[in-house]
Amino acid sequence: MISNIFFRSSLLAVGLAITIPSAKAADIITTQKAQTLLNTQPHSIEAISGKMLNTPYVADTLIGSSTIPEKLVINVNSVDCFTFIDDVLALYQSHDLNDLTKNMTKIRYVDGKVNFLDRKHFFSDWYSRSPQNAKDITQQISPHAVTILKHLNRKADGSEYLPGLGITAREIHYIPSTYVNDDVINHLKTDDFIGIYTPKDGLDASHVGILIKKDNQIYFRNASSLAKNRKVVDSPLLQYIHNKPGIMVLRAQ
């Protein structure tokens, strides 16, 4: 992530982590909490993400860049908005630590290649790159969905956010916040992944989280970088998006 605009960046791993010697396992994994989360019952996205409420927000917990070799990191002790949804989906798909490392590799990397340039850097990579993590249902749930052609990774001046990654032309769908009405809310489901659309050149979403319906309320469960939070919180969705451009909606399959 670059200045909270939706990008993954990485410098170092933090938290209680150990190095796993096997090349087939994660290089770094926070095993104690990961095991606890794997045992969550019911084993659902809602329940697992709920167990991660109040997890500290920390940026740059991944290892790898254009100059630093990529390592597979699973750090559930501290998260940013993107690693939070990575962690939750991988935990949901897994039953033990071996499953977790395999599933995280598929979720975070194109074709499971643990390489910085193969990392799924954009929210729309979740449905556009292989293997697909979720389906884009934005257009299905609102007739007011907008489609815009983005040139991902290209700054307004033509340079790349991530040098060497290249430019990807991709149609992005979002529902303007003014059209997130009762009908849209009725079509949203707990466990849907929500991206906050950004109009900035070269980017698709500024923030991501998980849709939670509980106690007749709608929440956006997210790893918040706001000074008042700095942790995983439940934010009332409509209040959160009232001054945002709109939302993208993905659903795990």
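Residues numbered from 1 in each chain as written. Predicted model: local features only at pLDDT ≥ 70, side-chain atom pairs only at ≥ 80, totals over all residues. Heavy atoms only, no water.

*Asks:* Report on the pattern of salt bridges, specifying residues and quantitative values.
*Replies:* Taken as a whole and judged by the stated rule, the model has six salt bridges. Note that Arg108 and Asp86 form a salt bridge whose closest N and O atoms lie 3.0 Å from each other. Of this pair, Arg108 sits in helix α4 (residues 97–108) while Asp86 sits in helix α3 (residues 81–92); the two residues are 22 residues apart in sequence, bridging distant segments of the chain. Classification of Arg108 by relative accessible area gives buried; the value is 1%. Taking relative accessible area as the criterion, Asp86 reaches 0% and is therefore assigned buried. Arg221 is the salt-bridge partner of Asp234, the closest N and O atoms lying 2.7 Å from each other. Taken together, the residues Asp234 in strand β10 (residues 231–236) and Arg221 in strand β9 (residues 217–224) connect sequence positions 13 residues apart. The partly exposed category is assigned to Asp234, whose relative accessible area is 22%. We classify Arg221 as buried; its relative accessible area is 3%. Put simply, Lys214, Arg221 and Asp234 are held in one network by salt bridges that share partners. (Salt bridge = Lys/Arg side-chain N within 4 Å of Asp/Glu carboxyl O. Helix = DSSP H or I, 4+ residues; strand = E, 2+ residues; numbered from the N terminus. Buried < 20%, exposed > 50% of the residue type's maximum accessible area, 1.4 Å probe, protein only.)

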